[in-house]
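Overview (structure and organization)
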Amino acid sequence: MANFQNMIVVIDPNQDDQPALRRAVYVHQRNGGRIKAFLPVYDFSDEITSILSPDERTAMRKGVISQRVDWIKEQAQFYIESGVPIEIKVVRHNRPFEAIIQEVVSGGHDLLLKMTHQPNKLESVIFTPTDWHLLRKCPCPVWMVKDQPWPEGGKAIVALNLASGEQYHNSLNVKLVKETIRLAEDVNHTEVHLVSAYPVTPNKIANERLEFDPSIYNDVIRGQHLAAMKAIFQTFGIGDKMFHIEEGLPEKVIPDLAEQLQAGIVVLGTVDRAGQSTTLLRNTPEQVIDHLRCDVLVIKPDSEQMPEELATKMANND
C-alpha cells in the first residue's frame, strides 16, 4: 500500500455535507497525497431519445455534468482554497459501482472513501446496494465513512479471522495489523486493538450428545484462537492488553467492543465470494457495518484481483 497517496472520494449527490471528502482531507493533512472527488451520474437522456435530437441530448449531457462539477466545487471550495489538491470528475454511467471501480483502476487509486448509509433492511436482502458491490469488487481498500466526527482519542480495532487454517487468511490477518499500525502512526497516533470472535457451543451437539462437554469445547476453541492471536501480536510488539478474544458472532462482538473502546475505525478483511450467491448471504464485513457507529476500512488479500467480468467490460469500453 502506498500510504494512501492517491485517494478517490465518492461524492454523495443527495446532500451538501460530504463526510467522506472531509475524512480524505483529514488523511491528506497528516499524510499528504492527492484527492479525486468523483461522481457518476445517471444519464436520463438515453431514456428520451424519441423526444430529443442528438444535439439536444449532447447539450443535456454536458449541462448535467457541468452543473454537477460546479456543485462539487462549492462543497470543496474551502479545502481547495486551503491548498488541498482536489481533482473533480463527473462521468455519465448507469451503474455507479462499475464507474467507480473503473475509475479506481484507471486512476491507480490506493484508497476509496465513501459515505455509507443505513440501508432499508428488506431492501438490503432483496437488492445489493452500491456499498456492498464496492466491498466485494473494489481492488483497493474501501473506507466506509459514517456521518460523525472522528472521536477524540478514538482507537483503531482490527478484526481478525483466526478460525480458518487457510494461508491466505493468515496472510490477510498479518496485512490488516500491519496496515492499521501504519495508519495509526501516520494519521492519528492512536491505539491499535486486535479482536477475534469464536463461535458459541453448538446447541444441537450439546443437546444430542450426552458425552459432549460444552466447557471443554469452549476451552479448546478459545485456546486455539489465543495461540493464533499471540503469534500475531508478538510479531508486531502489541501489548497483551490490546487484544480481545470474545465468544459470539462477529457482528455482535466487534460493534460491542468498538462502542466500549470508543473506536474511530474498525479494520476488516474480506474476500470476494466469486460464483456464490450474495443476495441472501452477506459477508461478515457487511453484517458488521450495519451495527457499527464508527468508520470501517475494508482490505483484501494481496492476491485478490479485479473481477474478470469487470476487467472484460473495461477492455471493451477502451
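Residues numbered from 1 in each chain as written. Predicted model: local features only at pLDDT ≥ 70, side-chain atom pairs only at ≥ 80, totals over all residues. Heavy atoms only, no water.

Moving on, we come to the packing of helix H3 (residues 96-106) against helix H5 (residues 130-137). At a minimum axis distance of 9 Å, the contact between H3 and H5 shows a crossing angle of 35 degrees. Crossing hand, H3 versus H5: right-handed. Contacts between H3 and H5 involve Pro 96, Phe 97, Ile 100 and Ile 101 on the former and, on the latter, Thr 130, His 133, Leu 134 and Lys 137. For the contact of H3 with H5, a count of residues per class yields 5 nonpolar, 2 polar and 1 charged. (Axes fitted to C-alpha atoms, helices over the stretch in contact; angles between N-to-C directions. Helix = DSSP H or I, 4+ residues; strand = E, 2+ residues; numbered from the N terminus. Left-handed = near helix turned anticlockwise from the far one by under 90°. Contact = heavy atoms within 4.5 Å. Nonpolar A, V, L, I, M, F, W, Y, C, P; charged D, E, K, R; others polar.)

Pairing is possible between side chains of opposite charge, provided their charged atoms come close. Using the criterion set out here, one finds 9 salt bridges in the structure. In this structure, Lys 36 engages Glu 103 in a salt bridge whose closest nitrogen and oxygen atoms are separated by 2.6 Å. Of this pair, Lys 36 sits in strand E2 (residues 34-41) while Glu 103 sits in helix H3, and the two are 67 residues apart along the sequence. Both residues of the pair, Lys 36 and Glu 103, count as buried. Via salt bridges that share partners, Lys 36, Lys 89 and Glu 103 belong to a single interconnected network. (Salt bridge = Lys/Arg side-chain N within 4 Å of Asp/Glu carboxyl O. Buried < 20%, exposed > 50% of the residue type's maximum accessible area, 1.4 Å probe, protein only.)

For the rest of this paragraph, the subject is the packing of aromatic side chains. Within the structure shown, the criterion is met by 1 aromatic pair. The ring of Trp 71 carries the charged tip of Arg 68 above its face, separated from the ring centre by 5.1 Å. (Phe/Tyr/Trp six-rings, centres within 6.5 Å; stacked < 30°, edge-to-face > 60°. Lys NZ or Arg CZ within 6 Å of the ring centre and 35° of its normal.)

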